[in-house]
Structure formats: C-alpha cells, structure tokens
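# Remarks on the overall topology
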Amino acid sequence: MKKYVIFTCAVLVVLGLLFCHSRIEHEDAEAPVVAQGIDTIPMLVTQVQKCAKLYTAEYRVHKIVTHDDVLRLKGSVLQRDFNIKVPLGDRKIAIPIDAKLKAYIDFSQFSEKNIERQGDKITILLPDPKVTMTSSKIDQKNVKQYVSLTRANFSDAELANYQQQGRDAIIASIPELGILETAQENAAKVLVPMLCEMGYQEENITIAFRKQYGTNDIMKLLKVED
C-alpha cells in the first residue's frame, strides 16, 4: 500500500513538473510578440528614414501670358479731358510658358515626433512637403505677337517681365492643382504597406500633413531651380 501511495505521489509530481514546464514554454512563446510591439516605433522610424527624399508628384503646366499694349493719346482741351486710341499704335503678344512642378517629402529628419499611436490606431504626420519648379521657360517657337508699324518690338526686358508674370501665375495656381494632396496620397501608398507588414490593420492607419497649406505657405515651400 505504501509503495502504491509513493508511486502515485511520484506520478503526480512528474505531471506537475510537466505542466509547469509546458506553461513556461507557452509564456515564453508569447514574449517575442510583446517585444515586437514595443520595438515597432523605432523600427518604423528607421524604415521611413530610408525613404530619404521621396518624390510624390509631378505636374507639367502650360501657361499663356497675353499682353495688349494700346497706344493712347491723353490730354485736355478747353477744360475737357480726352483719351483717344492712336491709329496703328497697337502691340499684342501671347507668350506660352512651360513649367514642371515636382513635390517631394524629405524623411531624413523623420522621428518619433511624427508618430501618434493610440492602441491599435496609428497616425503618421508627414514632414512639410516641398515643391520645386524646374524647366520654367518660354516656348519661343510659339510666341505670337503683333506690332504696328509705328511701334517698337517688345524688348528682352519686357519679355523677361512677362515670363515672370507667367511664373507668378503658375505659383498662385499650385493650391488649385492639388499637387500637395497628390503628394500625400502617394506617400500613403508607400507607408501603408510598410505599416501593414509590421502588423497594423490598414483601417487603423492614417497618413496626414500637420496642417492645410494655403497660398502663403506654398511660397515658403516652393523652390525655383531655374
């Protein structure tokens, strides 16, 4: 009887040890998952920084600048003002300007400050986008002008001034082109798959700029490379 009791106790002890060992192994198996969750943010920062300067949008803009220069004779006779168009005194010009706009996001300074996480939800605040204007030039072959016999041709200085007017008009139209929205969407196409691979659900991921950019902001974000 004593041998039976001793044998039974020994079996129970062995089973208890096996149970504890199994439990320890199960807990150890879950440990890396927790560690992985903790390490997600530093890993994400490292991966995003590798994107460096990410070009996200490119627009080719064609703008026609027109100028109608009419020669008029102004003065007064017998206390009556007059403003008369001088015959054969017209000058007209249409200047086509081609420009290329590129938007990019510089991730070199991306850090944990650009990341907001609440539970399973994560928001990436993109660094301020940058816009460059390249290849801004007059399409000389398609410049149209009419100059009356009594008038001088448009000078190089006048043409340069009209070209600058065209550039200014293109810059003013950037918010309407949606280039920043396109930059945001294309950045999301790069970052969302990266986050999904780290275990985040796509519906819990938000990619956003820190603010809505107006015309004054565009001037600060713009760089002309001509």
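In case you missed it, the structure is sitting above this.
Okay, so let's go over this structure. (Residues numbered from 1 in each chain as written. Predicted model: local features only at pLDDT ≥ 70, side-chain atom pairs only at ≥ 80, totals over all residues. Heavy atoms only, no water.)

## Overview of the sheet that holds strand 4 (residues 121-126)
As summarised here, the arrangement of the three strands in space is 3-4-7, forming an open sheet in which the pairing is mixed. Since the sheet does not close on itself, it has two edges, and those belong to strand 3 (115-118) and strand 7 (205-209), each with one partner. Between one strand and the next, the sheet's axes are offset by a mean angle of 15°, whatever the strand orientation. Pairing between strand 3 and strand 4: four bridges, direction antiparallel. Its bridge partner lying in strand 4, Gln-118 is registered against Lys-121. (Pairing = 2+ DSSP bridges. Helix = DSSP H or I, 4+ residues; strand = E, 2+ residues; numbered from the N terminus. Axes fitted to C-alpha atoms, helices over the stretch in contact; angles between N-to-C directions.)

## Focus: the packing of aromatic side chains
Applying the stated criterion across every chain, the model contains three aromatic pairs. Ring centres of Tyr-55 and Tyr-104 lie 5.2 Å apart, and the angle between their planes is 50°; this geometry places the pair in the tilted category. Separated by 49 residues along the polypeptide, Tyr-55 in strand 1 (residues 53-77) and Tyr-104 in strand 2 (residues 80-106) bring together distant segments of the chain. Taking the relative accessible area as the measure of exposure, Tyr-55 reaches 45% and is therefore partly exposed. With a centroid separation of 5.9 Å and 65° between ring planes, the pair formed by Phe-107 and Phe-110 is classed as edge-to-face. The aromatic ring of Tyr-55 is capped on one face by Lys-102, whose charged end is 5.7 Å from the ring centroid. (Phe/Tyr/Trp six-rings, centres within 6.5 Å; stacked < 30°, edge-to-face > 60°. Buried < 20%, exposed > 50% of the residue type's maximum accessible area, 1.4 Å probe, protein only. Lys NZ or Arg CZ within 6 Å of the ring centre and 35° of its normal.)

## Topic: the nonpolar core
Counting residues in hydrophobic clusters, the biggest one holds 47 residues, and the most contacted among them are Leu-44, Ile-122, Ile-124, Leu-126 and Ile-207. With nine residues, helix 5 (residues 179-197) is the largest single contributor of residues to this core. If we ignore the near neighbours within four places in the chain, the residues touching Ile-122 are Ile-41, Leu-44, Ile-115, Glu-116, Arg-117, Leu-195, Tyr-200, Asn-204, Ile-205 and Thr-206. (Core = buried A, V, L, I, M, F, W, Y, C linked by side-chain atoms within 4.5 Å. Contact = heavy atoms within 4.5 Å.)

## Remarks on the packing of helix 2 (residues 40-49) against helix 5
Taken N-terminus to C-terminus, the directions of helix 2 and helix 5 make an angle of 150°; their axes are 11 Å apart at the nearest point. By crossing handedness, the relation of helix 2 to helix 5 is classed as right-handed. Residues Leu-44, Gln-47 and Val-48 of helix 2 pack against Leu-191, Met-194 and Leu-195 of helix 5. When its residues are assigned to classes, the contact of helix 2 with helix 5 shows five nonpolar, one polar and no charged. (Left-handed = near helix turned anticlockwise from the far one by under 90°. Nonpolar A, V, L, I, M, F, W, Y, C, P; charged D, E, K, R; others polar.)

## Regarding the side chain of Lys-100
Take Lys-100: it is sitting in strand 2. No salt bridge is formed by the buried Lys-100; the nearest opposite charge belongs to Glu-58, separated by 4.3 Å. Residues contacting Lys-100, with those up to four places away along its chain left out, are Glu-58, Tyr-59, Arg-60, Thr-132, Met-133, Thr-134 and Ser-135. (Lys, Arg positive; Asp, Glu negative; His and termini not counted. Salt bridge = Lys/Arg side-chain N within 4 Å of Asp/Glu carboxyl O.)

## Regarding the pattern of salt bridges
Counting across every chain of the model gives four salt bridges. A salt bridge links Arg-60 to Glu-58; its shortest N-O distance comes to 3.6 Å. We classify Arg-60 as exposed; its relative accessible area is 65%. Note that Glu-158 and Arg-91 form a salt bridge whose closest N and O atoms lie 3.0 Å from each other. Separated by 67 residues along the polypeptide, Glu-158 in helix 3 (residues 156-172) and Arg-91 in strand 2 bring together distant segments of the chain. The exposure class of Glu-158 is partly exposed, given its relative accessible area of 25%.

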